[in-house]
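Understanding the architecture of this molecule
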Amino acid sequence: MNAIAWRGEWKKLIWLLGIFAVCFWLPVGSERFDGAMLEALHLTKWYAREHVLLCLVPAFFIAGAIGVFVSQAAVMRYLGPKANKVMAYGVASVSGSILAVCSCTVLPLFAGIYRMGAGLGPATAFLYAGPAINVLAIILTARVLGLELGIARAVGAIVFSVVIGLIMHLIHRREETAKAAVMTDTPEPQTLRPLGQSIAFFGAMVAILVFANWGQPAETAGFWHAIHAAKWPLTAVFALVLAVILIAWYGARWWHMLLIAVATALSGLAASAALDGPAAALIPFAVAVLGLSVVLSTSQGESAEWFNATWTFAKQIMPLLLIGVLLAGVLLGRPQQEGLIPSQWVTDLVGGNSLRANLFASVVGAFMYFATLTEVPILEGLIGNGMGKGPALALLLAGPALSLPNMLVIRSIMGTRKTVVFVILVIVMATLSGLIYGAAFP
Amino acid sequence: MKSIKILGSGCAKCRQLADNAVAAADELGIEYQLDKVTQINDIMAFGVMMTPGLVVDGQVKSSGKVLSRDAIKTLLSE
């Protein structure tokens, strides 16, 4: 009988021993550990109930629509070699929401804009803003962390991407980077859709998203309260508007839409008879989403592409979000609760609005890797454990845009020195924004 | 023999394009060699800014989209 080939087997042994050791010394029974485990599960349930159906699902549809219906080639013209340099900065800072909806496209696009297109300045602006104004992330930030923080994140990302891009350009303007290659013009079949149609289409979807998620205001009277009271009728109105738009301009069949509308209305009546409160609205909403999905996925052309893009996002992002929520729950617990990490540590390190807190948040954010959307539950946990709003914004602005692995790839494209300058600029800008925001909205 | 290159850093879209390209070429029954170009500098050398990209016999046929199997079949038959 042969001796065991340990060379090939030792890794498995280490794994086995390691997992056994963890199980042997599992701190089950200790209050903090058990609490953290429960918190993770509570948080997951809360996200599933509060955010997935009404917020994430419409957001996936919107992101999918952006991917399919907005002509990336048209946007790229403003970032190409013949682009107006001044406008390129503005376009670069905003186009991340259109071009970088898939996170893996940011780096090749950055490389392209830098070497073949408008140059280092706009490329850097895009590099920073691309991940930072990811449509899904902004929507979820506004929903979970509050409208103020969502808007601050979007505005901060746009403004500072232009600033960072300009500074990078100024610092390095004496370097002549020979264009690495000539950008090939691949012919794009242009389906020219009037801009008004696209605006109406996206407007209807955004309106549905906004009204379905309209939060309960503190006051019991007045304008905001009135909207909240009417949120479901308003959502329904815009859903009908969307249906009409789809029939008129996007090739949907009217009787498909009618079927969906009737099914939604019937399930809505049934649900409000059987259930109480906000849960009743989830059922017709789910029916409508299901109906739309079935109709889109069984049609041809653009509609099928739209559903395909939406489904791809859902597949890609939901598992990541689940992991992020579980992690946030275990480490930090639900709002007003604690996880494994004592909230005192959080308050000490990043509470308040000191320079130290903001700087710490920026630096940690810059190096730490955040999968798409996971920064939201983690930040929610941190804020619930005492993180100040300034450092929270600093983390939001530095976190998703940068990470250590990401920095290494950037370095392979623009070299160590420029990468270091870029990272320092991001940290400084994030810290500054945090300080300003924390002072303005304590 | 046709040379088919898929340009992309490895995300789902690039894999989908590769799968579609293989299926298209197999259906046409042509001889081909499929390469995946994942290094950003190499991708840029083709002049492609938006991944995934499809290069057939050295010519960039599409960038930024995942072409369907049928669309690729049309391209390969040209």
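It should be emphasised that the depicted structure is a prediction, and the values quoted were computed from it without experimental measurement. (Residues numbered from 1 in each chain as written. Chains lettered and ligands numbered in written order. Predicted model: local features only at pLDDT ≥ 70, side-chain atom pairs only at ≥ 80, totals over all residues.)

The next subject is the overall build of chain B. A count of helical and extended segments in chain B gives 3 helices and 4 strands. When the helices and strands of chain B are listed from N to C terminus, the series reads β-α-β-α-β-β-α. In terms of overall size, chain B behaves like a compact globule, its C-alpha atoms giving a radius of gyration of 11 Å where 78 residues would be expected to give roughly 12 Å. Summarising its shape, the C-alpha atoms of chain B cover approximately 30 × 25 × 15 Å along the three principal directions. Taken over 78 residues, chain B has a buried fraction of 42%. If you take every contact in chain B between residues at least 6 apart in sequence, the share linking residues at least 24 apart comes to 66%. (Helix = DSSP H or I, 4+ residues; strand = E, 2+ residues; numbered from the N terminus. Rg over C-alpha atoms; globule rule 2.2 N^0.38 Å. Buried ≥ 20, exposed ≤ 12 C-beta atoms within 10 Å, placed from the backbone. Contact = placed C-beta atoms within 7 Å.)

Of the regular secondary structure elements, chain A holds 19 helices and 0 strands. The C-alpha atoms of chain A give 24 Å as radius of gyration, which agrees with the globular expectation for 442 residues (22 Å, within 12%).

All names here are of chain A. Direction vectors running N to C along helix H6 (residues 120-132) and helix H8 (residues 147-171) enclose 150 degrees, while the axes themselves pass 7 Å from each other. Looking at the two axes, H6 sits roughly antiparallel to H8. For the pair H6 and H8, the sense of crossing is right-handed. Where H6 approaches H8, its residues Leu120, Gly121, Pro122, Thr124, Ala125, Tyr128, Ala129 and Ala132 are matched on the opposing element by Ala157, Ile158, Ser161, Val162, Ile164, Gly165, Leu166, Met168 and His169. (Axes fitted to C-alpha atoms, helices over the stretch in contact; angles between N-to-C directions. Parallel < 35°, antiparallel > 145°, perpendicular 65-115°, else oblique. Left-handed = near helix turned anticlockwise from the far one by under 90°.)

A few words now on the nonpolar core. Taken as a class, soluble globular proteins show a tendency for nonpolar side chains to be buried jointly. All names here are of chain A. With 137 residues, the main nonpolar core has Phe110, Leu397, Ala398 and Val426 as its most contacted residues. A per-element tally of this core places helix H2 (residues 31-69) first, with 14 residues. If we ignore the near neighbours within four places in the chain, the residues touching Val426 are Tyr128, Ile164, Ala366, Ala398, Ala401 and Leu402. (Core = buried A, V, L, I, M, F, W, Y, C linked by C-beta atoms within 7 Å.)

Attention shifts here to the packing of H2(A) against helix H14 (residues 301-332) of chain A. Residue and element names in this part refer to chain A. Contact geometry of H2 with H14 gives a least axis separation of 8 Å together with a crossing angle of 155 degrees. On the basis of the axis angle, H2 is roughly antiparallel to H14. Where H2 crosses over H14, the two elements pack in a sense that is right-handed. Of the residues that constitute the contact of H2 with H14, the class distribution is 18 nonpolar, 6 polar and 3 charged. (Nonpolar A, V, L, I, M, F, W, Y, C, P; charged D, E, K, R; others polar.)

Here the focus is the pairing of strand S4 (residues 59-63) of chain B. Where strand S3 (residues 53-56) of chain B lies against S4(B), 4 bridges are found, and the strand directions are antiparallel. When the bridges of S4(B) are listed, B:Gly53 appears paired with B:Ser63. (Pairing = 2+ DSSP bridges.)

All names here are of chain B. The pairing of strand S1 (residues 2-7) with S3 spans 4 bridges and is antiparallel. Opposite Ile4, over in S3, you have Val56 as the bridge partner. Hairpin connection from S3 to S4: 2 residues lie between these consecutive antiparallel strands, with Asp57 at a positive phi of about 50 degrees.

The next subject is helix H5 (residues 106-116) of chain A. Among the 11 residues of H5(A), 11 are classified as buried, and the element is accordingly described as predominantly covered. Turning to H5(A), its buried residues are A:Val106, A:Leu107, A:Pro108, A:Leu109, A:Phe110, A:Ala111, A:Gly112, A:Ile113, A:Tyr114, A:Arg115 and A:Met116.

Residues and elements named next belong to chain B. In the Ramachandran plot, Asp57 falls in the positive-phi region, its phi being about 50 degrees despite a non-glycine side chain. With respect to the helices and strands, the residue Asp57 is situated in the loop between S3 and S4. On the basis of neighbour counts, which here come to 13 C-beta atoms within 10 Å, the residue Asp57 falls in the partly exposed class.

All names here are of chain B. Here 4 strands make up an open sheet; going across it, the order is S2-S1-S3-S4 and the pairing mixed. Two strands close off the open sheet at either side, each with one partner strand: strand S2 (32-37) and S4. Neighbouring strand axes in the sheet, compared pairwise and without regard to direction, differ in orientation by 20 degrees on average. The strands that helix H1 (residues 12-28) touches are S1, S2 and S3; relative to S1, the one it contacts most, it runs at about 165 degrees.

Another aspect to go through is the environment of A:Leu209. All names here are of chain A. One can find Leu209 in helix H9 (residues 195-212). Taking the C-alpha atoms as reference points, Leu209 and Cys55, 154 residues apart in sequence, are found 6.5 Å from one another. Other than its neighbours up to four places away in sequence, Leu209 contacts Pro58, Ala59, Ile62 and Ile139.

This paragraph deals with the environment of A:Leu258. Residues and elements named next belong to chain A. Structurally, the position occupied by Leu258 is in helix H12 (residues 254-274). Leu258 gets classed as exposed once you count the C-beta atoms within 10 Å, which come to 12. Each C-alpha atom of the pair Leu258 and Ala243 lies 8.5 Å from the other, and the pair is 15 residues apart in sequence.

Here we take up the confidence of the model for chain B. On average, chain B scores 83 in pLDDT, and the residues at 70 or more come to 100%. Scored as a whole, the predicted complex attains pTM 0.79, and scored at its interfaces, ipTM 0.72. (pLDDT = per-residue confidence, 0-100.)

So, on to the environment of A:Ile245. Residue and element names in this part refer to chain A. Positionally, Ile245 belongs in helix H11 (residues 231-249). The exposure class of Ile245 is partly exposed, given the 18 C-beta atoms found within 10 Å. Once the C-alpha coordinates of Ile245 and Trp25 are considered, the two residues, 220 residues apart in sequence, prove to be 60 Å apart. If sequence neighbours within four positions are ignored, Ile245 has contacts with Ala200, Phe201, Ala204 and Tyr250.

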